[in-house]
Amino acid sequence: MISERANRVKPSPTLTMDTKAKEMKAAGIDVISFGVGEPDFDTPGHIKEAAVRALREGKTKYTAAAGIPELKEAIAAKLLRDNGLTYKPTEIIVSCGAKHSLYNIFQAILSPGDEVIIPAPYWVSYPAQVLLNDGVPVIADTREEDGFNLDPSDLGSLITERTRAIILNYPSNPTGLAYDRKTLEAVGELAVKHNLHIVSDEVYEKLLYDGAEHISIASISEEIKKRTLLVNGISKSHAMTGWRIGYTAGPEDIIKAMTKIQGQSTSNPNSIAQWAAVEALNGPEDFLEPMLREFDRRRKYLVTELNATEGITCMMPRGAFYAFPNVSGILGRKGPDGEIKDSSDLAMYLLEEARVALVPGSAFGKEGFLRISYATSMENIEEGIRRIRGALERLQ
Ligand SMILES: *Cc1c(COP(=O)(O)O)cnc(C)c1O
């Protein structure tokens, strides 16, 4: 018997695609994957060395549930250095990836029926995590014409007695949007006025282009900081997705509740990965510049080529490593299995006919778009674009 809770969440719409792509690969078909949500770079050597050292030194035991003091200190130093924010160790908790940080936040702040406002397009796990924690996701749609920016008055109209929190993700997965100070101020003001928490997912902070600057909403005012749960990690910035280290900084009472929950569920994040994370945060960041330069080159190439493809338009993303092209011009055309009705049909068609795996916009709550990750080689991007064009030309 499966619980009512487990039945609340649908299997990820990306899963069907992913399973199918893997099956095709296993059958020897060369599929180009634009679906990946992780850097294609290796973890920098000095960080791996720190992990090896920790292993040799026998740092292989349980640690404090909320993380080793050395890592909390490194996180506090990072938040001060990069974001101008001061946090005490008791205001920080390390979890098994930023995804786990988010999950623990919803465990700690949601009671049954509490509403959480989620701007769309959203990262796929937000609505699912809210549902798994007895909350109600309330989707705030945004428009491509506005660059998917938030309209504070739209947001205001969604706030009810039951609203507990609003999730912000900037730079955004999937759109690459980075909010400007004005937008963050307006959202912060709303949160203060209606006594809401701001869940601020900043995992793509380091991946910004064209001179865009990351502003953490918590740095805008003390009032806003008091209600913000700042989530960050090292997966995306340090090419460390497999290590599973993320963290939350926020009000002490919530951090304490999250620590209690974590202590009764996972206990501490992996001890060796924590020592590697200390090095990631305290060590040199010179690997970042070449990684960014390469992402930037691919971003410009990919978006230019998408815009030069009939039926597709694409905004230039300012952060992260995804393009989010508008493909509504293609919907309604006919393929071998009938009409391409939506982004999901199109993604399936491109997988079967172009051998290119990507994620339909519907997975992010936005129909008429696709998400293409450029965390893959330039050769793959060039070949992928060729294949997409060829397959689109065959549609009627
Ligand atoms: C990748 C990602 C995460 C999770 O990162 P981990 O630290 O690997 O768990 C969280 N939020 C967004 C928007 C992401 O894209």
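Residues numbered from 1 in each chain as written. Predicted model: local features only at pLDDT ≥ 70, side-chain atom pairs only at ≥ 80, totals over all residues. Heavy atoms only, no water.

It is worth spelling out the site of the ligand at this point. In the region of the ligand, 13 residues are neighbours, and Ala-98, Asp-201, Tyr-204, Ser-235 and Lys-236 sit closest. In this structure, an oxygen atom belonging to the ligand sits 2.7 Å away from a main-chain N or O atom of Ala-98. Bound to the protein, the ligand loses 93% of the 390 Å² it would expose on its own. Here the shell around the ligand is built from residues that sort into 5 nonpolar, 4 polar and 4 charged. (Near = heavy atom within 4 Å. Polar contact = N/O pair within 3.5 Å; in protein donor to acceptor, adjacent residues only side chain to side chain. Areas by Shrake-Rupley, 256 points an atom, 1.4 Å probe, with all protein chains shown as cover. Nonpolar A, V, L, I, M, F, W, Y, C, P; charged D, E, K, R; others polar.)

As a further point, take the domain arrangement of the chain. Accessible area lost upon the coming together of the parts is a frequently used measure of interface size. As far as domains go, the chain holds domain 1 (4-42 + 287-391) and domain 2 (61-282). The interface is formed by 34 residues belonging to domain 1 together with 33 residues belonging to domain 2. With both chains or domains summed, domain 1 and domain 2 bury close to 3000 Å², and 61% of this area falls on carbon and sulfur atoms. The largest share of the area that domain 1 buries against domain 2 comes from Met-315, Arg-318 and Phe-364, three residues that together contribute 22% of it. Inspection of the domain 1/domain 2 interface yields 4 salt bridges. Counting across the interface, domain 1 meets domain 2 through 16 residue pairs in polar contact (both at pLDDT 80 or more). Those elements giving two or more residues to the side of domain 1 that touches domain 2 turn out to be helix H1 (4-8), helix H12 (288-307) and strand S9 (322-323). In terms of residue count, H12 provides more of the side of domain 1 that touches domain 2 than any other element does, 7 residues in total. Its residues assigned to classes, the side of domain 1 that touches domain 2 shows 19 nonpolar, 5 polar and 10 charged. (Domains from an automatic or database assignment. Contact = heavy atoms within 4.5 Å. Buried area = accessible area lost by both parts, 1.4 Å probe. Salt bridge = Lys/Arg side-chain N within 4 Å of Asp/Glu carboxyl O. Helix = DSSP H or I, 4+ residues; strand = E, 2+ residues; numbered from the N terminus.)

With that out of the way, let us pick up the nonpolar core. Core analysis: the largest hydrophobic core is formed by 69 residues, its most contacted members being Phe-106, Leu-346, Leu-350 and Leu-358. If one sorts the elements of this core by residue count, H12 sits on top with 7 residues. Not counting residues within four places of it along the chain, the set of residues in contact with Leu-350 comprises Arg-355, Val-356, Leu-358, Leu-370, Ile-388, Ala-391 and Leu-392. With 28 residues, the next largest nonpolar core counts Ala-51, Ala-54, Leu-79 and Ile-234 among its residues. (Core = buried A, V, L, I, M, F, W, Y, C linked by side-chain atoms within 4.5 Å. Buried < 20%, exposed > 50% of the residue type's maximum accessible area, 1.4 Å probe, protein only.)

As a further point, take the packing of helix H5 (residues 98-109) against helix H6 (residues 125-132). Where H5 contacts H6, the axes come no closer than 9 Å and their chain directions differ by 35°. H5 and H6 meet at a crossing whose hand is right-handed. Contact residues: Lys-99, Leu-102, Tyr-103 and Phe-106 in H5; Ser-125, Tyr-126, Gln-129, Val-130 and Leu-132 in H6. (Axes fitted to C-alpha atoms, helices over the stretch in contact; angles between N-to-C directions. Left-handed = near helix turned anticlockwise from the far one by under 90°.)

Turning our eyes to something else, we now look at the sheet that holds strand S13 (residues 359-360). Reading across the sheet, the 3 strands line up as S9-S14-S13 and stay open at both edges, with antiparallel pairing between neighbours. Either end of the sheet is taken by a strand with one partner, and the two such strands are S9 and S13. Inspection of the sheet shows S9 paired to strand S14 (residues 370-373) by 2 bridges, in the antiparallel sense. When the sheet's bridge partners are listed, Ala-323 is paired in S14 with Ile-372. Sheet contacts for helix H13 (residues 343-354): S13 and S14; angle to S14, the most-contacted strand, approximately 45°. (Pairing = 2+ DSSP bridges.)

Our next topic: empty space enclosed by the protein. Under the definition given, this model contains 4 cavities of 30 Å³ or more. Roughly 130 Å³ of internal volume is contained in the largest cavity. As for the largest cavity, its lining consists of 16 residues, of which Pro-119, Pro-121, Asn-169, Ser-172 and Tyr-179 are closest to the centre. With 3 residues, the single largest contributor to the lining of the largest cavity is strand S5 (residues 163-169). When its volume is computed, the second largest cavity comes out at roughly 80 Å³. Lining the second largest cavity are 14 residues, and of these Lys-78, Lys-206, Asn-232, Gly-233 and Ser-237 lie nearest its centre. At the level of elements, helix H4 (69-83) and strand S7 (228-233) are the ones that each hand at least two residues to the lining of the second largest cavity. Looking at the lining of the second largest cavity, its residues break down into 4 nonpolar, 4 polar and 6 charged. (1 Å grid on protein atoms, 1.4 Å probe; cavity = no way out; pocket = protein on both sides within 12 Å on 5 of 7 lines; lining within 4 Å. Points joined across faces, edges and corners; volume = space filled by probe spheres on them.)

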